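Coordinate inspection notes
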Amino acid sequence: MRTRNAVIMVGSALALLLSQAVFAEEGFFSWLGSFSREKEIAPVTDATYNKECGSCHFPFQPGLLPEASWRKLLDAKALSDHFGDNAELDDQTRQKILDVLVADSADKSYRKRSRKIMKSLGEGDAPLRITEIPYIKAKHSEIPENLVKGNPKVKGLSFCNKCHQKAADGVYDDDTVRIPGKS
Ligand code: HEC
Ligand code: HEC
């Protein structure tokens, strides 16, 4: 009987310790997350970036893709045929923009969305499109095509800010979404 009680006591002490360890870890991540509670993805403030990469579409935040993706996209040759468009830049500007993107890329960010993006990608994955990231794809899989590509007010899933009213601030939560033309 004594040994049994002792086993139970040791057992519950262990369980308590374990639950505290788990809590401590969650606490650590929510502490990290507290820096970003308001804005889910770090917004971009660099004027050169916003001007050069925001003329054909909304200037995507660095935290939406890992560094390796930005390096591929910002390659000089790649920019001359950027999804069928010419987005060439002089070397100095290109390097400046690459620095801005790399500094805040998804793999370096502790912000909630960036972490979810990285978690959904495989080791070493470097997609050229944000819209090809499994996490982003899954979040939009139920929206009918006629509200996205077939919607003249949106044109495609790449145009985040057409539906996400606060995309420019890096906010993508479902409270701030409104699909134009949707009744
Ligand atoms: C001359 C116009 C133009 C400029 C300038 C431009 N882009 Fe693009 N970009 C496009 C087009 C067109 C697409 C494809 C959109 C589509 O599929 O609907 C695209 C798509 C993208 C995508 C993929 C979006 C997705 O579907 O997930 C990224 C990332 C991107 N651009 C980054 C950049 C960056 C970074 C710069 C600045 C160096 C830049 N773009 C400058 C025209 C441009
Ligand atoms: C056609 C409109 C539309 C476009 C364009 C669009 N989204 Fe969305 N997005 C939505 C809707 C609607 C939801 C909410 C889905 C739901 O209710 O779960 C959503 C959800 C999300 C979520 C998850 C939000 C949450 O709280 O779980 C993220 C992140 C997101 N979008 C990012 C993006 C990014 C980045 C782009 C551009 C590359 C983009 N979206 C383009 C309509 C759009």
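Notes on the structure in this doc start here. (Residues numbered from 1 in each chain as written. Chains lettered and ligands numbered in written order. Predicted model: local features only at pLDDT ≥ 70, side-chain atom pairs only at ≥ 80, totals over all residues. Heavy atoms only, no water.)

1. So, the overall build of the protein chain
Within the protein chain one finds eight helices and zero strands. Counting from the amino terminus, the protein chain carries its helices and strands in the arrangement α-α-α-α-α-α-α-α. Every one of the 183 residues in the protein chain was classed for burial, and the buried ones make up 34%. With an accessible surface of roughly 12200 Å², the protein chain has 55% of that area assigned to carbon and sulfur atoms. (Helix = DSSP H or I, 4+ residues; strand = E, 2+ residues; numbered from the N terminus. Buried < 20%, exposed > 50% of the residue type's maximum accessible area, 1.4 Å probe, protein only. Areas by Shrake-Rupley, 256 points an atom, 1.4 Å probe, with all protein chains shown as cover.)

2. Let's talk about the site of ligand 1
The immediate surroundings of ligand 1 are formed by 23 residues, with Cys53, Cys56, His57, His82 and Arg129 found nearest. Within the contact set of ligand 1, a nitrogen atom lies 2.8 Å away from a side-chain nitrogen or oxygen of His57. Residue Arg129 places a side-chain N or O atom 2.7 Å away from an oxygen atom belonging to ligand 1. Tallied by class, residues from the shell around ligand 1 come to 14 nonpolar, six polar and three charged. (Near = heavy atom within 4 Å. Polar contact = N/O pair within 3.5 Å; in protein donor to acceptor, adjacent residues only side chain to side chain. Nonpolar A, V, L, I, M, F, W, Y, C, P; charged D, E, K, R; others polar.)

3. Brief notes about unusual backbone geometry
Where the residue is not glycine, phi is negative for most of them; where a peptide bond is considered, it is trans in most cases. In this structure, Phe83 takes a positive phi of about 55 degrees despite not being glycine. The backbone of Lys155 shows a phi angle near 80 degrees, a positive value even though the residue is not glycine. The topology assignment puts Lys155 in the loop between helix 7 (134-140) and helix 8 (160-163). Overall, the relative accessible area of 60% leaves Lys155 in the exposed class.

4. Brief notes about the coordination of the iron atom of ligand 2
Here the iron atom of ligand 2 is held by His140 (NE2) and His164 (NE2), and the distances to it run 1.9 Å. Classification of the site at the iron atom of ligand 2 rests on its six donor atoms, whose angles at the metal span 89 to 179 degrees, yielding the label octahedral. Taken together, the positions of His140 in helix 7 and His164 in the segment after helix 8 put the pair 24 residues apart, joining distant regions of the chain. A relative accessible area of 12% places His164 in the buried class. (Donors = N, O, S within 2.8 Å, 3.2 Å for Na, K, Ca; no water. Tetrahedral: all angles 85-135°; square planar, octahedral: opposite > 155°, others 65-115°.)

5. Quick look at the coordination of the iron atom of ligand 1
Within the protein, His57 (NE2) and His82 (NE2) serve as the donor atoms for the iron atom of ligand 1, at 2.0 Å. On the basis of relative accessible area, His57 is assigned to the partly exposed category, the value being 23%.

6. Quick look at the packing of aromatic side chains
All chains considered together, the criterion is met by one aromatic pair. Relative to Phe60, the ring of Phe58 has its centre 5.7 Å away and its plane inclined at 90 degrees; by these criteria the two rings are edge-to-face. (Phe/Tyr/Trp six-rings, centres within 6.5 Å; stacked < 30°, edge-to-face > 60°.)

Nothing here speaks to function; it is all geometry.
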